[in-house]
Amino acid sequence: DQQVKQNSPSLSVQEGRISILNCDYTNSMFDYFLWYKKYPAEGPTFLISISSIKDKNEDGRFTVFLNKSAKHLSLHIVPSQPGDSAVYFCATRTQTGANNLFFGTGTRLTVIP
Amino acid sequence: NAGVTQTPKFRILKIGQSMTLQCTQDMNHNYMYWYRQDPGMGLKLIYYSVGAGITDKGEVPNGYNVSRSTTEDFPLRLELAAPSQTSVYFCASSKVLETQYFGPGTRLLVL
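Residues numbered from 1 in each chain as written. Chains lettered and ligands numbered in written order. Predicted model: local features only at pLDDT ≥ 70, side-chain atom pairs only at ≥ 80, totals over all residues. Heavy atoms only, no water.

Contacts between the two partners involve 23 residues from chain B and, on the opposite side, 19 residues from chain A. For the pair chain B and chain A, the summed buried area comes to about 1600 Å², and 57% of that belongs to carbon and sulfur atoms. The largest contributions to the chain B side of the interface with chain A come from L43, L97 and F102 of chain B, which together make up 29% of the buried area. Run the count over chain B and chain A and you get zero salt bridges. (Contact = heavy atoms within 4.5 Å. Buried area = accessible area lost by both parts, 1.4 Å probe. Salt bridge = Lys/Arg side-chain N within 4 Å of Asp/Glu carboxyl O.)

Judged by nonpolar contacts, the single largest core of 22 residues is most densely connected at W35, L73, L75 and Y88 of chain A. Every element with two or more residues in this core is listed here: β3 (19–25), β4 (30–38), β5 (45–51), β7 (62–67), β8 (72–77), β9 (86–94) and β11 (107–112) of chain A. Among all residues touching L75 of chain A, those that are not within four sequence positions of it are S19, I20, L21, W35, L47, I48, F62, T63 and Y88 of chain A. Counting residues in each nonpolar core, the second largest holds 19 residues, with V4, M19, C91 and L108 of chain B among its members. (Core = buried A, V, L, I, M, F, W, Y, C linked by side-chain atoms within 4.5 Å. Buried < 20%, exposed > 50% of the residue type's maximum accessible area, 1.4 Å probe, protein only. Helix = DSSP H or I, 4+ residues; strand = E, 2+ residues; numbered from the N terminus.)

Further remarks concern the state of the cysteines. Following the criterion strictly, the structure yields two disulfides over all chains and no others. Between the sulfur atoms of C23 of chain A and its disulfide partner C90 of chain A the distance amounts to 1.9 Å. On the S-S bond that ties C23 of chain A to C90 of chain A, the torsion sits near 60 degrees, and the link is right-handed. Within this pair, whereas C23 of chain A is found in strand β3, its partner C90 of chain A is found in strand β9, the two being separated by 67 residues in sequence. Look at C90 of chain A and you get buried, because its relative accessible area is 1%. Between the sulfur atoms of C23 of chain B and its disulfide partner C91 of chain B the distance amounts to 1.8 Å. When the S-S torsion is -75 degrees, as for the bridge of C23 of chain B with C91 of chain B, the disulfide is left-handed. (Disulfide = S-S within 2.5 Å.)

Residue and element names in this part refer to chain A. Taking strand neighbours across the sheet as the criterion, the five strands line up as β1-β3-β8-β7-β6 in an open arrangement whose pairing is antiparallel. Edge positions in the sheet fall to β1 (4–5) and β6 (56–59), since each of these pairs with one other strand and no more. One ladder, built from four bridges, connects β6 with β7; its direction is antiparallel. For K56, the partnering residue across the bridge sits in β7 and is F65. (Pairing = 2+ DSSP bridges.)

For the structure on display, the rule yields four salt bridges over all chains. D84 of chain A is the salt-bridge partner of R61 of chain A, the closest N and O atoms lying 2.8 Å from each other. A residue pair is termed long-range when its members are at least 10 positions apart, and R61 of chain A in the loop between β6 and β7 and D84 of chain A in the loop between β8 and β9 qualify at 23 residues. The salt bridge involving D38 of chain B is made with R36 of chain B; its shortest N-O contact spans 2.8 Å.

Before going further, it helps to examine unusual backbone geometry. Going from V78 of chain A to P79 of chain A, the amide bond is cis rather than trans, its omega being -10 degrees. Mapped onto the secondary structure, P79 of chain A falls in the loop between β8 and β9. For the bond running from T7 of chain B to P8 of chain B, omega is -5 degrees, close enough to zero to count as cis. Within the element layout of this structure, P8 of chain B appears in the loop between β1 (4–7) and β2 (10–13).

Let us look at the sheet that holds strand β7 (residues 64–66) of chain B. As a general point, the strands of a sheet are linked pairwise by backbone hydrogen bonds and lie either parallel or antiparallel. All names here are of chain B. The strand order β1-β3-β8-β7 describes an open sheet built from four strands, whose pairing is antiparallel. If you trace the sheet from one side to the other, it starts and ends with β1 and β7, each paired once. Here the average twist between neighbouring strands, direction ignored, is 20 degrees. Bridge count for β7 against strand β8 (residues 76–78) is three bridges, and the pairing is antiparallel. Counted as the bridge partner of Y64 is L78 from β8. (Axes fitted to C-alpha atoms, helices over the stretch in contact; angles between N-to-C directions.)

This is the structure:
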């Protein structure tokens, strides 16, 4: 039973435009949300996170938005660069878990030069 | 500063064989984790440890065992390999309730 869903397996965007990656979750106990980026043959690397007490967090070109009522979060990348081409995973955890993360299935982003 | 290292990078096992996947971190993190990633799927937690001598099951622990005798090392043991264990295995570590740092992964093929 997939508690975290990324319904778009892939996304292609022109360089310089905005990339929007989406993630939905089912468990209202999740209170902290993260985005990881993964290149082939490497482990995931942390990108940005947001606590459930916020609805937006920004770090340079990356912004994460959280809509708790819709159980939805999104990652915006502006402007997109070819080096952003990777698989992006959203992940989340509950307050009671020992920092155990639940991952989505990933979205492969391709930024076209 | 190596971070999280995993060995081997790739291994082929026959059904019924056993092996140990090694994981070491040099960041003095208390928490360590083992995940598996099947094709087209997200990472799923196998086992985790909150400190030396303490381990607990995650979402998909069947067929695996772990031990944590030191802060740095967290090996994952497969006793009787099955084709369903063909996957990419990632080890991660973190401080308490902080960002998890992942190793590069071990690709395992069971034939």
